[in-house]
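Take a look at the letters that make up each chain.
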Amino acid sequence: MPSTLTAGAIVPTVDLVARAPKDTDYVVVGVTGSSEQPTLVGVPSEVDKASPAPLAQIARDLGAKPEAGKVCILPRFGSQLVAVGLGIDELTPEQLRRSCGNALREIAGRAGDSSLHVVLSLETAESELVRAAIEGAVLGAYTFTKVGSQPKRPIEKISVVTSLGGAPAKQAVADALAISQAVLVAREWINAPANLLYPESFADEVRQITKGTKLEVEVLDEKQLAKEGYGGIMAVGGGSERAPRLVRVEHKPRGAKNHLVLVGKGITFDTGGLNLKPADGMYTMKCDMSGAAAVLAATRAIAELGLSVHVTTYASMAENMPSGSSYRPSDVITMYGGTTVENVNSDAEGRIVMADALARSQADKPDLVVDVATLTGACMVALGNRIAGLMSSDDATADILLDAAETAGEDFWQLPIPEHIRKGLESKVADLKSSGSRMGGAMAAAAFLQHFVGEDTAWAHLDIAGPAFNDEAPYDYVPTGGTGHAVRTLVELARSLQD
Ligand code: BES
Ligand code: MN
Ligand code: ZN
């Protein structure tokens, strides 16, 4: 499956076992109890027997703690044990995901060129926990490959010690692998530099990762976009030598009733256009296609898992560049469907390319529309780097998204779309303007988008500007660079919409 730009999205093989196999490279065990009295769970009996002193005491002397995610390497008695804190409170799937992420990040960092067999021995019995352990491990082991070098495969195999068996066990593994693989694909695309991943090559990538699935892919190039009236995508993409694309992917299983439309922002690089960004703000803007990466990768996982829901996914791909053919501040753009927009600031390009796709999606008669975008710096100011914004047509729809996010283990926080913010988008020269005052910028962007969805459509907008890209040190199962935020929530959402 991996294509040229997603070659590093390799998931290990995973099996479930009743007890820890011998001759493996690392065994991850848990630390619980209290900070003063840490106890170990999951230690294989032969390791316990080989240890000259009680292992829990050795672990305590080496500083093992039950604090969530804290990793401690124990001395080797047969197998190399890695003790990871499972937290003081009751173990949730997300806590386990984080703990396994920390453990595997540590192990992958020690791997060198070898390919390791790692055992997760954490006494997990429920399918949600088994799934979370695998997801955390796979996501935590990932690192970006240097451009041009062979992708590393630090972890070749993961064995999970569990009493879970039968169909729920198989399903837990299948879910975890399809979802983690999709997250890794999104990360690879986000991490790919913009000279390699641009609208045309991004669209080719979509064709590649959907090969062998039943997904239908349609790519509109700049000629078709112009002919069919996609004025927003054409305006934003017009400043670049790399022409824009609109990609449409459809998952239509027989008998599926609910129709979910996903729309992603695919700005392969955001310079700000004629409203050029300062150097510091521009550097990470290869990540501005993270919304498109998330909806496309999630759609692949939904197809792979055969979820019984009709999904139509759009990715608006363009590069926002300053040039003689750029769209200007004060230009009036005629969007898909005829709405006119006064462009206030060419750096507010995301909402303009999204609006065309949202307007187009009305013809699909969706039951629910969800868009995902690295849309506003304002959302980062409001919610920081680890929590995404959620804005919605109504609270019932917001709750469906928040429930899916909670199950998936991703953080979202709802913001309103107040009437006075909508009013701030009134224009003297067009139907509306692309941005209002600087205050409440995340809500204003949402108000703009909703104009193109229509008041009567159930719709949610996910502003992932903060969590899409981690430009600091890695933590838990989150690496530096592209994170794949929203992929897991979208797959979970599709699962919840099955009938
Ligand atoms: N892609 C940016 C938003 C962004 C900023 C994402 C930082 C990730 C990290 C977006 O296109 C943008 O520039 N938004 C402007 C909108 C403004 C001009 C109305 C912003 O937030 O400043
Ligand atoms: Mn911008
Ligand atoms: Zn942008």
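The following refers to the structure shown. No experiment lies behind these values; they were computed from the predicted model shown.

Parameters at a glance
Residues numbered from 1 in each chain as written. Chains lettered and ligands numbered in written order. Predicted model: local features only at pLDDT ≥ 70, side-chain atom pairs only at ≥ 80, totals over all residues. Heavy atoms only, no water. Helix = DSSP H or I, 4+ residues; strand = E, 2+ residues; numbered from the N terminus. Buried < 20%, exposed > 50% of the residue type's maximum accessible area, 1.4 Å probe, protein only. Contact = heavy atoms within 4.5 Å. Polar contact = N/O pair within 3.5 Å; in protein donor to acceptor, adjacent residues only side chain to side chain. Donors = N, O, S within 2.8 Å, 3.2 Å for Na, K, Ca; no water. Tetrahedral: all angles 85-135°; square planar, octahedral: opposite > 155°, others 65-115°. Near = heavy atom within 4 Å. 1 Å grid on protein atoms, 1.4 Å probe; cavity = no way out; pocket = protein on both sides within 12 Å on 5 of 7 lines; lining within 4 Å. Sits in = over half its atoms within 2 Å of the grid points. Nonpolar A, V, L, I, M, F, W, Y, C, P; charged D, E, K, R; others polar. Pairing = 2+ DSSP bridges. Axes fitted to C-alpha atoms, helices over the stretch in contact; angles between N-to-C directions.

1. Considerations on the environment of H251
Okay, step 1: Turning to its location among the elements, H251 is positioned in strand β9 (residues 245-251).
Okay, step 2: For H251, a relative accessible area of 8% gives the class buried.
Okay, step 3: H251 sits 103 residues away from G148 along the chain, and the two C-alpha atoms are 33 Å apart.
Okay, step 4: Those residues within four positions of H251 in sequence are excluded, and the remaining contacts are L215, I302, A303, L307, V309, H310 and V311.
Okay, step 5: Polar contacts involving the side chain of H251 include one to the main-chain carbonyl oxygen of L307, which spans 2.8 Å.
Okay, step 6: Within polar-contact distance, the side chain of H251 engages the backbone oxygen of V309 at 3.5 Å.

2. Details of the coordination of the zinc ion (ligand 3)
Okay, step 1: The protein atoms donating to the zinc ion (ligand 3) are K265 (NZ), D270 (OD), D288 (OD) and E349 (OE), with metal-donor distances spanning 2.0 to 2.4 Å.
Okay, step 2: Between the six donor atoms coordinating the zinc ion (ligand 3), the angles at the centre fall across 79 to 173°, so the site counts as octahedral.
Okay, step 3: The distance between the zinc ion (ligand 3) and the manganese ion (ligand 2) comes to 3.1 Å, and D270 binds to both of them. Within this pair, whereas K265 is found in strand β10 (residues 259-270), its partner E349 is found in helix α11 (residues 349-361), the two being separated by 84 residues in sequence.
Okay, step 4: The class for E349 is buried, based on a relative accessible area of 0%.

3. Structural notes on the site of ligand 1
Okay, step 1: Taken together, 17 residues lie near ligand 1, and K277, D288, D347, E349 and G377 sit nearest.
Okay, step 2: Within the side chain of E349, an N or O atom sits 2.9 Å from an oxygen atom of ligand 1.
Okay, step 3: A distance of 3.4 Å separates a nitrogen atom of ligand 1 from a polar atom in the backbone of L375.
Okay, step 4: Of the pockets mapped on this structure, ligand 1 occupies the largest pocket.
Okay, step 5: For the shell around ligand 1, the secondary structure elements donating two or more residues are β10, α11 and α12 (377-383).
Okay, step 6: A class-by-class count of the residues in the shell around ligand 1 yields five nonpolar, five polar and seven charged.

4. Let's talk about the sheet that holds strand β16 (residues 412-414)
Okay, step 1: Strand order in the open sheet formed by eight strands is β8-β9-β11-β10-β14-β18-β15-β16, and the pairing between neighbours is mixed. Two strands bound the open sheet, and with one partner strand each, they are β8 (216-220) and β16. Neighbour to neighbour, the strand axes of the sheet diverge by 20° on average, direction disregarded.
Okay, step 2: Sheet analysis places strand β15 (residues 388-392) next to β16, joined by three bridges and oriented parallel. Along β16, the bridge assignment pairs A388 with F412.
Okay, step 3: Packing of α11 onto the sheet brings it into contact with β9, β10, β11 (310-320) and β14 (368-373), and relative to β10 it is tilted by some 155°.
Okay, step 4: Helix-sheet contacts for helix α15 (residues 441-453) involve β14, β15 and β18 (459-463), and the interaxial angle to β18 is about 145°.

5. Brief notes about the coordination of the manganese ion (ligand 2)
Okay, step 1: Of the protein atoms, only D270 (OD), D347 (O), D347 (OD) and E349 (OE) coordinate the manganese ion (ligand 2), at distances of 2.0 to 2.2 Å.
Okay, step 2: Considering all six donor atoms around the manganese ion (ligand 2), the spread of angles at the metal, 73 to 169°, places the coordination shape in the irregular class.
Okay, step 3: Donor residues for the manganese ion (ligand 2) sit on one chain with the sequence pattern D-x76-D-x1-E.
Okay, step 4: Looking at D347, the relative accessible area reads 25%, which means it is partly exposed.

6. A short note on the pairing of strand β2 (residues 26-33)
Okay, step 1: With six of eight residues buried, β2 is to be regarded as a mostly interior element.
Okay, step 2: Bridging between β2 and strand β5 (residues 80-85) involves six bridges; their strand directions are parallel. Across the sheet, the residue bridging to G30 is V84, located in β5.
Okay, step 3: The pairing of β2 with strand β6 (residues 116-121) spans four bridges and is classified as parallel. Note that in β6 the partner of V29 across the bridge is S121.
Okay, step 4: Alignment of β2 against strand β3 (residues 38-41), held across four bridges, turns out to be antiparallel. Along β3, the bridge assignment pairs T32 with T39.
Okay, step 5: Counting the residues that bridge the hairpin from β2 to β3 gives four residues.

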